[in-house]
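Understanding the architecture of this molecule
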Amino acid sequence: MAITAGRPDVVPDGPLNPAVVFASTYHAGGPVAYGRDGNPTWDAFEAALGALEGGEALAFASGMAAVAAVLETLPVGAAIVLPRDGYTGTRALIEEAVDGRWEMRAVDVVDTQATLDACDGASLLWIESPTNPKMDVADIAALAAGAHDRGAVVAVDNTYATPLVQRPLRLGADMVVHSVTKLLSGHSDVVMGAVVARGAFVPALRLQRSLHGAVPGPMESYLALRGLRTLPVRLERAQANAAELAARLAKHPAVERVRYPGLVDDPGHERARAQMTGWGSMLAFDVRGGADAAEAVARSTRLIVHATSLGGIETTMERRHRWAREDLTPPQLLRVSVGCEDVEDLWDDLTHALRIGCGDIST
Ligand SMILES: *Cc1c(COP(=O)(O)O)cnc(C)c1O
């Protein structure tokens with residue numbers, strides 16, 4: 001599906017790939033009419049992502065535009081249940097909303113019962129799994145069923161896992177949100193987002209997109225689709241690298257704890273096994289020696305890029321606690337977005353950086 005969905009019709013001498021259609025207006029008489037309401041290059045990307053997630057995809061200008069479109073469908077005063085550990089932008093958007101427009105109920109999504117208790121009277125349960133950056137794993141099917149019983153709509157941010165290893169709509173979610181900026185486009189050169197949904201959610205979200213105007217450019221849509229074509233091979237390689245690095249880091253003397261659901265003793269391992277078909281390419285680890293040592297490790301790599309964001313073909317690493325709203329993230333935690341480099345090169349680089357950052361304890 002990643003490779004074949006969203007192709008143009010097969011006609012002699014027709015191109016294999018969709019055209020990048022730069023258009024603000026279309027000849028009258030059709031259903032689209034204007035460039036804020038539709039674009040053939042979005043359609044191609046949406047067909048491919050929709051096929052992978054099992055719903056109808058809508059492309060947005062960024063992941064945050066996609067998050068905002070979902071929130072905008074909620075009434076004033078709506079209560080939103082969301083993970084305490086999760087993408088900071090989503091939490092910031094709800095907290096900063098003018099005049100206490102929404103009520104935020106932050107929960108530990110690992111705790112299914114506590115999360116469901118918080119859903120009483122709530123309009124939306126927002127789930128991330130694995131969470132960014134602590135790699136907590138939520139029981140998506142149990143949470144979706146319980147939230148529905150309590151009358152809440154369920155949205156899952158599937159940026160970390162991608163539809164290749166986790167399909168939230170099949171697990172009972174109503175909407176799936178993506179930062180396409182990350183693994184789906186995969187080359188750290190596009191900012192874009194998407195929501196995938198079914199039924200009545202689709203026209204509601206389409207209306208949000210048209211009226212708020214958070215539409216992607218045709219060039220970004222093309223680059224995102226081009227990236228999506230190679231997601232299966234990129235993810236396979238990145239996941240294999242991540243699993244290997246996680247296993248080696250777990251035995252490293254300068255590492256206090258590795259957070260990766262593929263490790264058998266990870267608290268999220270059994271849940272991840274039940275709802276994911278892979279472990280993903282994200283991991284985090286806590287450095288012995290605290291924040292200063294961790295920061296020194298992050299600054300001492302030569303191959304691994306010291307930068308924020310994730311999901312590119314290159315490995316990136318950062319200490320998340322350095323950001324605002326990451327006060328609950330352990331100060332010594334380093335988040336690693338594992339890429340497609342040679343795993344031995346990555347390991348050499350990590351051990352070198354740990355030696356510089358942690359000194360004696362690393363040997
Ligand atoms: C990056 C990210 C977002 C926001 O997406 P942008 O494309 O940066 O707007 C949302 N959720 C998660 C999990 C992310 O990593």
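Everything below is about the structure printed above this text.
Note that the coordinates shown come from a computational prediction; the quantities given were computed from them, not determined experimentally. (Residues numbered from 1 in each chain as written. Predicted model: local features only at pLDDT ≥ 70, side-chain atom pairs only at ≥ 80, totals over all residues. Heavy atoms only, no water.)

Once that is clear, we can look at the pattern of salt bridges. Between side chains of opposite charge, a pair can form when the charged atoms approach closely. Taken as a whole and judged by the stated rule, the model has 16 salt bridges. Put simply, arginine 101 and glutamate 72 hold a salt bridge, and the shortest N to O gap is 3.0 Å. Of the two residues, arginine 101 sits in the loop between helix 3 (88–96) and strand 3 (103–107) while glutamate 72 sits in helix 2 (residues 63–72), which places them 29 residues apart along the sequence. Residue classification places glutamate 72 among the partly exposed positions, given a relative accessible area of 24%. Between glutamate 295 and arginine 299 there is a salt bridge, with the nearest N and O atoms lying 3.1 Å from each other. Taken as a pair, glutamate 295 and arginine 299 lie in helix 10 (residues 290–299) at a separation of 4 residues, close to a single helical turn. Shared partners join several salt bridges into a network, and the residues in it are Glu318, Arg320, Arg322, Glu326 and Arg335. (Salt bridge = Lys/Arg side-chain N within 4 Å of Asp/Glu carboxyl O. Helix = DSSP H or I, 4+ residues; strand = E, 2+ residues; numbered from the N terminus. Buried < 20%, exposed > 50% of the residue type's maximum accessible area, 1.4 Å probe, protein only.)

Turning to unusual backbone geometry, a few remarks are in order. Geometrically, the link from serine 129 to proline 130 is a cis peptide bond, its omega value of -10 degrees lying close to zero. Following the sequence through the fold, proline 130 ends up in the loop between strand 4 (124–128) and helix 5 (140–149). In this model, asparagine 132 is joined to proline 133 through a cis peptide bond whose omega is 5 degrees. You can see proline 133 is positioned in the loop between strand 4 and helix 5. Positive phi, normally seen in glycine, also occurs at threonine 162, with a value near 70 degrees. One can find threonine 162 in the loop between strand 5 (153–157) and strand 6 (175–179).

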